[in-house]
Amino acid sequence: MDRLKLKAVLGSHPHVQAVKSGELRSNRFDLDFIDYTPTNTAFKPMVREQAFDVCEMAIVTYLMAKAHGKPLVLLPATMLGRFQHSYALYSSAQGTLGPSDLEGKRVGIRSFTTTTGAWIRGILANDYGVNLDKIRWVTFEDPHVAEYVDTTERAPKHKKILQMLLDGELDVVLGEASNDPKLRPLFPDPAAEAAIWYARRGVVPVNHLVVVTEQLAKSRPDVVSGIYDLLKQNKAQARPAATPDLVPFGIEANRRSLELIVDYAFQQALIPRRYAVEDLFDATTRGLN
């Protein structure tokens, strides 16, 4: 059987470097990597056009794509997982703000549908009792899934999110990091808050996993399994065992995180119903561990 040549997009993560360099490869297929920087710029063409055979994708983008019938299949291979508490900032010129102070405030976010945004909003609503509907959301980009109707306020096209925060045009921003001394974390001690949250939830918030086209999954399930095996092998040799594991592989290792982000996405009306974890995969990827 001829070797398949597959177009692929993965970020520059340490645990995929051997696959991206060709050091680890399959005897059934070749991965032709296309560079997208930042990686999230590949999500829109993958959702809207299935522009690649294999692609890193934010989990909320995938959930929304599934809700709108996009022909994509999820692999339980985490590319990026992180605790989210440090990705909420405000300006010291505002005085002091905390998570419970957001109602009535102007909160900027790249797109309302980003996964980091969904995680932080879920934390604010479920752990701090914040009414998300009482926040004035200001966004800068369209959702990756075109069918989603975005009702947020759009920032002027020439404006940059962190500069608007520094200029007092926003009160808080989500999903951004900065070393500017004028900016402070909304959660006063993000690492401590994350540790408390993890102790309570037992969840590592996963941001990015991997998807393949439905066409590839149906026509060559052996190749899909092979892609997963390659990525898992690379992770095993690149990352020492850690607790918590920030890039879990396998359905069971990802189950609690997937259950929680499904809950948060449903609460925030990003998806129309709660999906069972098994529903996020197909007959081939459901068996990957």
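This structure is a prediction, so every number in the text was calculated from the model and none was measured.

K.L.:
What exactly am I supposed to notice about the nonpolar core here?
P.N.:
With 57 residues, the main nonpolar core has Ile59 and Leu280 as its most contacted residues. No other element matches helix 9 (residues 251-267), which puts seven residues into this core. When sequence neighbours within four positions are dropped, the list of residues in contact with leucine 280 reads Tyr62, Leu63, Lys66, Leu74, Leu258, Val262 and Tyr275. Grouped together as the second largest cluster of nonpolar side chains are 25 residues, Ala8, Val54, Val212 and Leu216 included.

K.L.:
Would you take a moment to explain the sheet that holds strand 11 (residues 206-213) for this structure?
P.N.:
Pairing between the strands of a sheet comes from backbone hydrogen bonds, and it takes one of two forms, parallel or antiparallel. The strand order across the open sheet built from five strands is 2-1-3-11-4, with neighbouring strands paired in mixed fashion. Sheet topology places strand 2 (29-33) and strand 4 (72-81) at the edges, where each strand pairs with a single neighbour. When the angles between neighbouring strand axes are averaged without regard to direction, this sheet yields 30°. Where strand 3 (residues 54-58) meets strand 11, five bridges bridge the pair, whose relative direction is antiparallel. Of the residues in strand 11, the one forming a bridge with glutamate 56 is valine 210. Taken strand by strand, helix 4 (residues 115-128) contacts strand 3 and strand 11, and its axis lies near 140° from that of strand 11. Packing of helix 9 onto the sheet brings it into contact with strand 4 and strand 11, and relative to strand 11 it is tilted by some 120°.

K.L.:
So what exactly am I meant to see when it comes to the layout of surface pockets here?
P.N.:
Empty space among the atoms becomes apparent when a probe as large as a water molecule is rolled across them. Volume-wise, the largest pocket comes out at about 390 Å³. Taken together, 24 residues form the lining of the largest pocket, with Asn40, Arg82, Arg110, Thr116 and His208 sitting closest to its centre. Tallied by class, the residues present in the lining of the largest pocket amount to seven nonpolar, 12 polar and five charged. By volume, the second largest pocket is sized at about 260 Å³. Among the residues forming the lining of the second largest pocket, the class breakdown is eight nonpolar, five polar and three charged.

K.L.:
Explain the sheet that holds strand 6 (residues 106-109) here, please?
P.N.:
Strand order in this open sheet of six strands is 8-7-6-9-5-10, and the pairing throughout is mixed. The open sheet has two edge strands with one neighbour each: strand 8 (153-154) and strand 10 (183-185). Note: strand 5 (residues 88-91) against strand 9 (residues 172-174), three bridges, orientation antiparallel. From the neighbouring strand, leucine 89 faces strand 9, where its bridge partner is valine 173.

K.L.:
Explain the environment of valine 262 here, please?
P.N.:
Positionally, valine 262 belongs in helix 9. When its relative accessible area of 2% is taken as the criterion, valine 262 is described as buried. Distance in space between the C-alpha atoms of valine 262 and arginine 273 is 8.6 Å, their sequence separation being 11 residues. Those residues within four positions of valine 262 in sequence are excluded, and the remaining contacts are Leu63, Ile271, Arg274, Tyr275 and Leu280.

K.L.:
I'm lost on the side chain of threonine 285 in this one. Help?
P.N.:
Within the fold, threonine 285 resides in the segment after helix 9. The exposure class of threonine 285 is buried, given its relative accessible area of 0%. Among the polar contacts made by the side chain of threonine 285, one reaches the main-chain carbonyl oxygen of leucine 74 at a distance of 3.0 Å. For threonine 285, the contacting residues outside a window of four places in its chain are Val73, Leu74, Leu75, Pro76, Val224 and Ile251.

K.L.:
Looking at this structure, I do not really get the packing of aromatic side chains. What am I missing?
P.N.:
How two aromatic rings sit relative to each other is set out by the distance from centre to centre and by the angle between their planes. Tallying each qualifying case throughout the model produces seven aromatic pairs. Both rings, one in tryptophan 119 and one in tyrosine 264, keep their centres 5.7 Å apart while their planes meet at 85°; by these two values the pair is edge-to-face. Taken together, the positions of tryptophan 119 in helix 4 and tyrosine 264 in helix 9 put the pair 145 residues apart, joining distant regions of the chain. The exposure class of tryptophan 119 is buried, given its relative accessible area of 0%. Since its relative accessible area comes to 1%, tyrosine 264 is described here as buried. Chaining the aromatic ring pairs together yields one cluster made of Trp119, Trp197 and Tyr264. Here arginine 82 stacks its cationic end above the ring of tyrosine 87, 3.9 Å away from the centre of that ring. Cation over ring: arginine 121 sits above phenylalanine 112, and NZ or CZ is 3.8 Å from the ring centre.

Definitions and cut-offs
Residues numbered from 1 in each chain as written. Predicted model: local features only at pLDDT ≥ 70, side-chain atom pairs only at ≥ 80, totals over all residues. Heavy atoms only, no water. Core = buried A, V, L, I, M, F, W, Y, C linked by side-chain atoms within 4.5 Å. Buried < 20%, exposed > 50% of the residue type's maximum accessible area, 1.4 Å probe, protein only. Helix = DSSP H or I, 4+ residues; strand = E, 2+ residues; numbered from the N terminus. Contact = heavy atoms within 4.5 Å. Pairing = 2+ DSSP bridges. Axes fitted to C-alpha atoms, helices over the stretch in contact; angles between N-to-C directions. 1 Å grid on protein atoms, 1.4 Å probe; cavity = no way out; pocket = protein on both sides within 12 Å on 5 of 7 lines; lining within 4 Å. Points joined across faces, edges and corners; volume = space filled by probe spheres on them. Nonpolar A, V, L, I, M, F, W, Y, C, P; charged D, E, K, R; others polar. Polar contact = N/O pair within 3.5 Å; in protein donor to acceptor, adjacent residues only side chain to side chain. Phe/Tyr/Trp six-rings, centres within 6.5 Å; stacked < 30°, edge-to-face > 60°. Lys NZ or Arg CZ within 6 Å of the ring centre and 35° of its normal.

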